[in-house]
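Fold and geometry: a report
Okay, here's what each chain looks like letter by letter:
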Amino acid sequence: MTSVELRQLRYFVAVAEELNFGRAAERLLIAGPSLSQQIKALERDLGVRLFDRDRRSVALTPAGSALLPHSRALLERADDLQLRARRLSGSEPVRLGYVNWLPPDLTARTAPVAQVHVDAWVAPSHTQVARVADGSLDVAVCWVPTGSLEERGLRARLVGADRLYAVAVGDATGDVAAQDTDVLLDDDTTSWSSWNAYAEALAKSTGARAVHISDGGITGPAFFDHVRRSGRPVINSPKGQTSPLPSDLVRRAVVGPEVYWTWSLVWRRNEVRSSVLAAVDALCDGVGDLGIHASGAWLPDCDPYRQ
């Protein structure tokens, strides 16, 4: 038993609850083969078989059924111990930056484990990534490519996702193929570097038409003017997802593929403060995949959650 890890017990409980390795892997945000290997290692360390499995079904063995409630109880005690330790770790606030979106239940999730201070400087994703890396922020909600995580020594977990839609002139509100849309790229890379990288990948991958602009019209009234001039549906950026549309414009779902933008919670790889790590867990645990791994969903190659 000395080699059994809490992580493996969490994997065991997830598979036992799902009775499907694929669904359990998605829930745990790990690869299916890795999950299967960890379960086999746990069975080897415990000296019992936990599951009967074949290509069609997964079922608990009698030993697995007997150990499941004890595993749940042990995990609950471990979680309680971690929570108590985090509450005793000090009162230094966790500094959190964001772009334009925050989890609606941020306070409810983090209040029991950390004092979170939301930074007043709303800045683009690449700026917030840099601020976390240099220590100006502890965590940030932003879009981040895999390369930036590696270059800046950061970690990221999925905290939210937007399915992007298109805005068009007229009365037609039906689905529109991604290849029949426009996507705007702004010459102002100081403000729109992250969006431009995303939009370029979108155009290259889906056949959407890239349109270069220089007036800041990625969002706001200038964006609506670009839609009116385009003659084609235009992909709306994450900053414009909740903006009300003028009466002469309509929202249209993008398909073939469905286009997703991910929001990451980013923190430093060498972070050791329990309050920061507790805030990360509080905000990200239980989030799931938010549809980004569904059949027909699209993420750029550089997205850390692309499978």
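Before reading on, note that the structure itself is shown above.
What counts as what
- Residues numbered from 1 in each chain as written.
- Predicted model: local features only at pLDDT ≥ 70, side-chain atom pairs only at ≥ 80, totals over all residues.
- Heavy atoms only, no water.
- Helix = DSSP H or I, 4+ residues; strand = E, 2+ residues; numbered from the N terminus.
- Buried < 20%, exposed > 50% of the residue type's maximum accessible area, 1.4 Å probe, protein only.
- Contact = heavy atoms within 4.5 Å.
- Salt bridge = Lys/Arg side-chain N within 4 Å of Asp/Glu carboxyl O.
- Expected span 1.5 Å × (residues − 1).
- Core = buried A, V, L, I, M, F, W, Y, C linked by side-chain atoms within 4.5 Å.
- Polar contact = N/O pair within 3.5 Å; in protein donor to acceptor, adjacent residues only side chain to side chain.
- Arc of directions from axis to C-beta.
- Phe/Tyr/Trp six-rings, centres within 6.5 Å; stacked < 30°, edge-to-face > 60°.
- Lys NZ or Arg CZ within 6 Å of the ring centre and 35° of its normal.

1. As for the overall build of the protein
A tally of regular secondary structure across the protein gives 10 helices and 14 strands. Overall size of the protein, expressed as C-alpha extent along the three principal axes, is 70 × 50 × 35 Å. With 307 residues in all, the protein has 43% of them scored as buried. For the protein, the share of sequence-separated contacts (at least 6 apart) that also reach a separation of at least 24 residues comes to 72%.

2. Some words on the pattern of salt bridges
Using the criterion set out here, one finds 22 salt bridges in the structure. With a shortest N-O distance of 2.7 Å, Arg-273 and Asp-138 are connected by a salt bridge. Linking Arg-273 in the loop between strand E13 (258-268) and helix H10 (274-284) with Asp-138 in the loop between helix H6 (125-134) and strand E5 (139-142), this pair joins segments that are 135 residues apart in sequence. Overall, Asp-138 belongs to the buried group, its relative accessible area being 0%. A salt bridge links Asp-285 to Arg-157; the nearest nitrogen and oxygen atoms lie 2.7 Å apart. Residue Asp-285 is found in the loop between H10 and strand E14 (297-298), and its partner Arg-157 is found in strand E6 (residues 154-163); the two are separated by 128 residues along the sequence.

3. Side note on the environment of Val-276
Mapping Val-276 onto the fold places it in helix H10. C-alpha of Val-276 to C-alpha of Glu-92: the two residues are 184 residues apart in sequence and 9.7 Å apart in space.

4. A closer look at helix H1 (residues 6-18)
In this model H1 runs 18 Å from its N-terminal to its C-terminal C-alpha over 13 residues, within 8% of the 18 Å that 1.5 Å per residue would give. Buried within H1 we find Gln-8, Leu-9, Tyr-11, Phe-12, Val-13, Ala-14, Val-15 and Ala-16. Just past H1, the residue Leu-19 takes up positive phi, approximately 50 degrees.

5. Here we look at the nonpolar core
Nonpolar side chains in soluble globular proteins tend to end up buried together. Residues Val-139, Val-183, Trp-195, Tyr-198 and Leu-265 are the most contacted members of the largest nonpolar core, which totals 58 residues. In terms of residues, this core owes the most to one element, H10, which gives seven residues. Discounting chain neighbours no more than four positions away, the residues touching Leu-265 are Leu-96, Val-139, Ala-140, Val-141, Arg-155, Ala-156, Arg-157, Val-159, Ala-279, Val-280, Leu-283 and Cys-284. Counting 19 residues, the second-largest nonpolar core is a separate cluster that includes Val-4, Val-15, Phe-21 and Leu-75.

6. Here's the deal with the side chain of Thr-61
Residue placement: Thr-61 occurs in the loop between strand E2 (58-60) and helix H4 (62-87). Overall, the relative accessible area of 3% leaves Thr-61 in the buried class. A distance of 2.5 Å separates the side chain of Thr-61 from the backbone oxygen of Arg-49, its partner in a polar contact. Not counting the four nearest positions on each side in its chain, Thr-61 is found in contact with Arg-49, Leu-50, Phe-51 and Asp-52.

7. Quick word on helix H2 (residues 21-28)
Taken as a whole, H2 has its buried residues at Phe-21, Ala-24 and Ala-25. Down the axis of H2, the buried set is contained in an arc of 100 degrees. They therefore lie on one face. Buried positions along H2 lie against H1, helix H3 (32-46), strand E1 (51-53) and E2. Among the residues of H2, the N-terminal cap falls to Asn-20, whose side-chain oxygen and the backbone nitrogen of Gly-22 are separated by 2.9 Å. Directly after H2, the chain includes Leu-29, whose backbone phi takes a positive value near 60 degrees.

8. A closer look at unusual backbone geometry
Cis geometry marks the peptide bond from Gly-256 to Pro-257, where omega comes out at 15 degrees. The phi torsion at Leu-19 lies on the positive side, around 50 degrees, for a residue other than glycine. With respect to the helices and strands, Leu-19 occurs in the loop between H1 and H2. For Leu-19, a relative accessible area of 38% corresponds to the partly exposed category. Phi at Leu-290 takes a positive value of approximately 55 degrees, unusual for a residue other than glycine.

9. A few points about the packing of aromatic side chains
According to the stated counting rule, one finds 11 aromatic pairs in the structure shown. Ring centres 4.9 Å apart and planes at 65 degrees place the aromatic pair Tyr-198 and Trp-261 in the edge-to-face group. Of this pair, Tyr-198 sits in helix H8 (residues 189-206) while Trp-261 is found in strand E13, placing the two residues 63 residues apart along the sequence. Arg-251 extends its terminal NZ or CZ atom over the ring of Tyr-165, reaching a point 3.9 Å from the ring centre.

10. Things to note about the environment of Asp-105
Along the chain, Asp-105 falls in the loop between strand E3 (94-98) and helix H5 (106-110). Overall, the relative accessible area of 32% leaves Asp-105 in the partly exposed class. When the C-alpha positions of Asp-105 and Ile-292 are compared, they lie 21 Å apart, and in sequence the two are 187 residues distant.

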